[in-house]
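Chain by chain, the residues run as shown.
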Amino acid sequence: MKYIKLLFILIVTVISLFLLYGCAHDKEKVINHMNQAFGEDAYTMETDPQNRDRWIITLKEYPQVPFHSNVFHDLITLGSPIVQTDFPVVFSKHVIEEYKQTTDIGSDKLIYYRPLFIYSTKVNSLEEIKTPYDKVQHFIAFVSEKYPILVKQQVLAVRLDIEGLPAKDGDKEITIRMFSTREEKLTITSYEEFYTKVLSELKR
C-alpha cells in the first residue's frame, strides 16, 4: 500500500511538472501559430480575464471580431500540445449576422455548421433553382469583398440545400457543394455545373 501511495505521488508530481512546463510555453506557441496564420504585426493578443489559460486575439483589420486561442495538452497520451482557435466559428457567425442585417433572405436559412456555410431554400420546380444559386453567389460576393480573410484562411465553403424537388433515394433535400477555398483561392461552381449536379440528384 505504501508503494502504491508513493507511485501515485510520483505520477501527480510528473504531471504537475509537465503542466507547469507546458503552460509556461503556451503563449509562445500561440504567438508562433498566429504569426504563421496572420503575420507578426496583424493582430493583438491579451489574456482572457475569464480564463487565464486562454488568449483573446484581435486582428487589426477586423477589430470588431475578436476570437480566442488556447493550447490543448493531452494528459492521457502526453502527446504534443495543440494550438486551438475558434476563429472559423466566430468569424463565420459574425459574417452571417452582418449579411442578414443588410440582405433579406426571406424564408431561406443560412447557418454555419463547421466546416461549412449551409444555405437552405425551398423551390417548387426545377426552373426556380437559378434563384437560390444567385442568392448564394450574392452571399459569396459579400464575404469575398468584406471578409477576404475567410478566403485566405480557406474557411469559406458553402453548401446549398434545396427542398421541394423529388430527390433520388428518398432524400428530403438535394445537397450541392457550390463554393470552397483551396490554397487561398475561391473555387466556384458555374451555373451549368450546378444545374447538371441538380439533375443528377433528381429522382428519375
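Residues numbered from 1 in each chain as written. Predicted model: local features only at pLDDT ≥ 70, side-chain atom pairs only at ≥ 80, totals over all residues. Heavy atoms only, no water.

Asker: Would you explain the packing of aromatic side chains in this entry?
Answerer: Each aromatic ring pair is specified by the distance between its two centres and by the angle formed by the two planes. The final tally for this structure, using the stated rule, is 16 aromatic pairs. The interplanar angle of 65 degrees and the centroid separation of 5.3 Å between the aromatic rings of F117 and F139 together place this pair among those described as edge-to-face. In this pair, F117 is assigned in strand 6 (residues 116-122) and F139 in helix 3 (residues 130-146), connecting sequence segments 22 residues apart. Owing to a relative accessible area of 1%, F139 belongs among the buried residues under this scheme. Seen in terms of ring centroids, Y191 and Y195 are 6.1 Å apart; in terms of plane orientation they differ by 45 degrees. Their pairing is tilted. Here Y191 pairs with Y195, and both are found in helix 5 (residues 191-201), just four residues apart, close to one helical turn. Taking the relative accessible area as the measure of exposure, Y191 reaches 22% and is therefore partly exposed. Taking the relative accessible area as the measure of exposure, Y195 reaches 30% and is therefore partly exposed. (Phe/Tyr/Trp six-rings, centres within 6.5 Å; stacked < 30°, edge-to-face > 60°. Helix = DSSP H or I, 4+ residues; strand = E, 2+ residues; numbered from the N terminus. Buried < 20%, exposed > 50% of the residue type's maximum accessible area, 1.4 Å probe, protein only.)

Asker: Would you mind showing me how to read the pattern of salt bridges here?
Answerer: Opposite charge on two side chains makes pairing possible when the charged atoms of those side chains draw close. This model, assessed by the stated rule, comprises five salt bridges. Ionic pairing is found between K146 and E98, a salt bridge with its closest N-O pair at 2.6 Å. With K146 in helix 3 and E98 in helix 2 (residues 87-102), this pair connects stretches of sequence that are 48 residues apart. In this structure E98 comes out as buried when scored by relative accessible area, which is 15%. The salt bridge involving D134 is made with K130; its shortest N-O contact spans 2.8 Å. (Salt bridge = Lys/Arg side-chain N within 4 Å of Asp/Glu carboxyl O.)

Asker: Sorry if this is basic, but what is going on with the nonpolar core here?
Answerer: Membership of the largest hydrophobic core comes to 48 residues, with the highest contact counts inside it found for F91 and L150. Examining the composition of this core, we find that six residues originate from one element, helix 3, more than from any other. Dropping the residues within four chain positions of it, F91 is found in contact with L59, Y62, V65, F67, Y147, I149 and L150. (Core = buried A, V, L, I, M, F, W, Y, C linked by side-chain atoms within 4.5 Å. Contact = heavy atoms within 4.5 Å.)

Asker: Please explain the sheet that holds strand 8 (residues 173-182) as it appears in this structure.
Answerer: Strand pairs in the sheet, formed through backbone hydrogen bonds, run parallel or antiparallel to each other. If you walk across this open sheet you meet the five strands as 5-6-7-8-9, and the pairing is mixed. Strands at the two margins of the open sheet, each flanked by one partner only, are strand 5 (109-113) and strand 9 (185-188). Between one strand axis and the next, the sheet turns through 20 degrees on average, direction left out of account. Across six bridges, the pairing between strand 6 and strand 7 (residues 158-163) is parallel. (Pairing = 2+ DSSP bridges. Axes fitted to C-alpha atoms, helices over the stretch in contact; angles between N-to-C directions.)

Asker: Please clarify how unusual backbone geometry should be interpreted in this entry.
Answerer: Peptide bonds are, in most cases, trans, and in most cases residues other than glycine have a negative phi. Backbone torsion omega between R114 and P115 reads 10 degrees, so that peptide bond is classified as cis. Looking at the secondary structure, you find P115 in the loop between strand 5 and strand 6. At Q154, a position not held by glycine, the phi torsion is positive, near 60 degrees.

Asker: Sorry, what's going on with the environment of T175 here?
Answerer: Among the secondary structure elements, T175 is positioned in strand 8. Given a relative accessible area of 38%, T175 falls into the partly exposed group. On a C-alpha basis, the gap between T175 and I118 in space is 9.6 Å, while along the polypeptide they are 57 residues apart. For T175, the contacting residues outside a window of four places in its chain are R159, L160 and D161. A polar atom in the side chain of T175 sits 3.2 Å from the side chain of D161. (Polar contact = N/O pair within 3.5 Å; in protein donor to acceptor, adjacent residues only side chain to side chain.)

Function cannot be read off these values alone, since they describe shape.
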